[in-house]
Amino acid sequence: MENFQKMKAKWKLYGLDYSQLKTLVKELLSQLLSSERKTENLMQELHHRVKNNLQMVNSMVHMQYRAAQDENSLNTLKKVERRIITMAKLHEKIYQSDNFEILDMESYISELLEDLFKIKSDLDIEYKIKVSDCLKLSNDTILYVGLLITELVINVLKHAFTSNKGQLFISLIVLDNNRFELKVKDNGKGFDVDSLNSEPNSLGQRLISSFSRQLNGEVSVDSSEKGSEFTIVFSEY
């Protein structure tokens, strides 16, 4: 109480009484909140426009896909379409979020998987997702993580399973020193890891390497007859 009285005495030296100061603080807080709301609205509008533009580009790719004749062109355009959808879904999640700086990663990954599974609709995939509770990533980092998941899961769907059933496990966890780990694991037939080195120029391999480099990531691969596991340790973009 004594300190409060001293503060009031100082305010009077500047020609302010307590009620005037209280009114001034309220006005400043109101202006700050108004500015914050305007910034959030502008960011949401930006993400909304980006999402719409990506959807338009995706529609053009889909039209080209329907007009394509040979199998290679069809496969390439289909992959391009999935990559665009990955980016569009991120902007959609941001636009729908009350706080565009915080995203539900488990929900985002789940939606990506459900969409990717349409590539091989004859497969019955059981999947599990594990995300650290304390995980916080920038939207730029989330975009690259989403693109990495897209490339790795497309690879699994194309090559991993010999029957119409399979299991997929994806984890995204916090390590330490601002490092994170993305793991994509399947219970498929496995493959010769050395074969990856024999196809370094394939588009999928180049994209995985490129996205990983953007995150200062290190990629490791383990494979056996019980399945394959891709692990990428990375930092914030």
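It should be emphasised that the depicted structure is a prediction, and the values quoted were computed from it without experimental measurement. (Residues numbered from 1 in each chain as written. Predicted model: local features only at pLDDT ≥ 70, side-chain atom pairs only at ≥ 80, totals over all residues. Heavy atoms only, no water.)

A. Spotlight on the environment of L175. Structurally, L175 can be placed in the loop between β2 (165-174) and β3 (179-186). Overall, the relative accessible area of 37% leaves L175 in the partly exposed class. Remark: the alpha-carbon pair of L175 and V233, spanning 58 residues in sequence, is separated by 8.8 Å. Residues contacting L175, with those up to four places away along its chain left out, are F180, E181 and V233. (Helix = DSSP H or I, 4+ residues; strand = E, 2+ residues; numbered from the N terminus. Buried < 20%, exposed > 50% of the residue type's maximum accessible area, 1.4 Å probe, protein only. Contact = heavy atoms within 4.5 Å.)

B. Summary view of the pairing of β3. The buried fraction of β3 is high, at 7 of 8 residues. Across 7 bridges, β2 lies against β3 in antiparallel orientation. Looking at β3, one finds that I173 is bridged to E181. In sequence, β2 turns back onto β3 through a hairpin of 4 residues, with N177 there showing a positive phi of about 50°. Taken together, the 7 bridges between β3 and strand β5 (residues 227-235) define a ladder with antiparallel strand orientation. (Pairing = 2+ DSSP bridges.)

C. The packing of helix α4 (residues 105-116) against helix α5 (residues 139-159), seen in detail. Interaxial distance between α4 and α5 falls to 10 Å at its minimum, and their mutual angle equals 35°. For the element pair α4 and α5, the recorded crossing hand is right-handed. Across the interface between the two elements, M105, Y108, I109, L112, L113 and L116 from α4 touch I142, V145, G146, I149, T150, V153, I154 and L157 from α5. Considered class by class, the residues forming the contact of α4 with α5 number 12 nonpolar, 2 polar and no charged. (Axes fitted to C-alpha atoms, helices over the stretch in contact; angles between N-to-C directions. Left-handed = near helix turned anticlockwise from the far one by under 90°. Nonpolar A, V, L, I, M, F, W, Y, C, P; charged D, E, K, R; others polar.)

D. Region of interest: the sheet that holds strand β4 (residues 218-224). Read across the open sheet, the 5 strands follow the order β1-β2-β3-β5-β4; overall the sheet is mixed. Of all the strands in the sheet, the pair left with one neighbour each is β1 (124-131) and β4. Taken pair by pair, the neighbouring strands of this sheet meet at an average axis angle of 10°, ignoring direction. As paired strands, β4 and β5 are joined by 7 bridges and run antiparallel to one another. Pairing of S223 across the sheet is with S228, part of β5.

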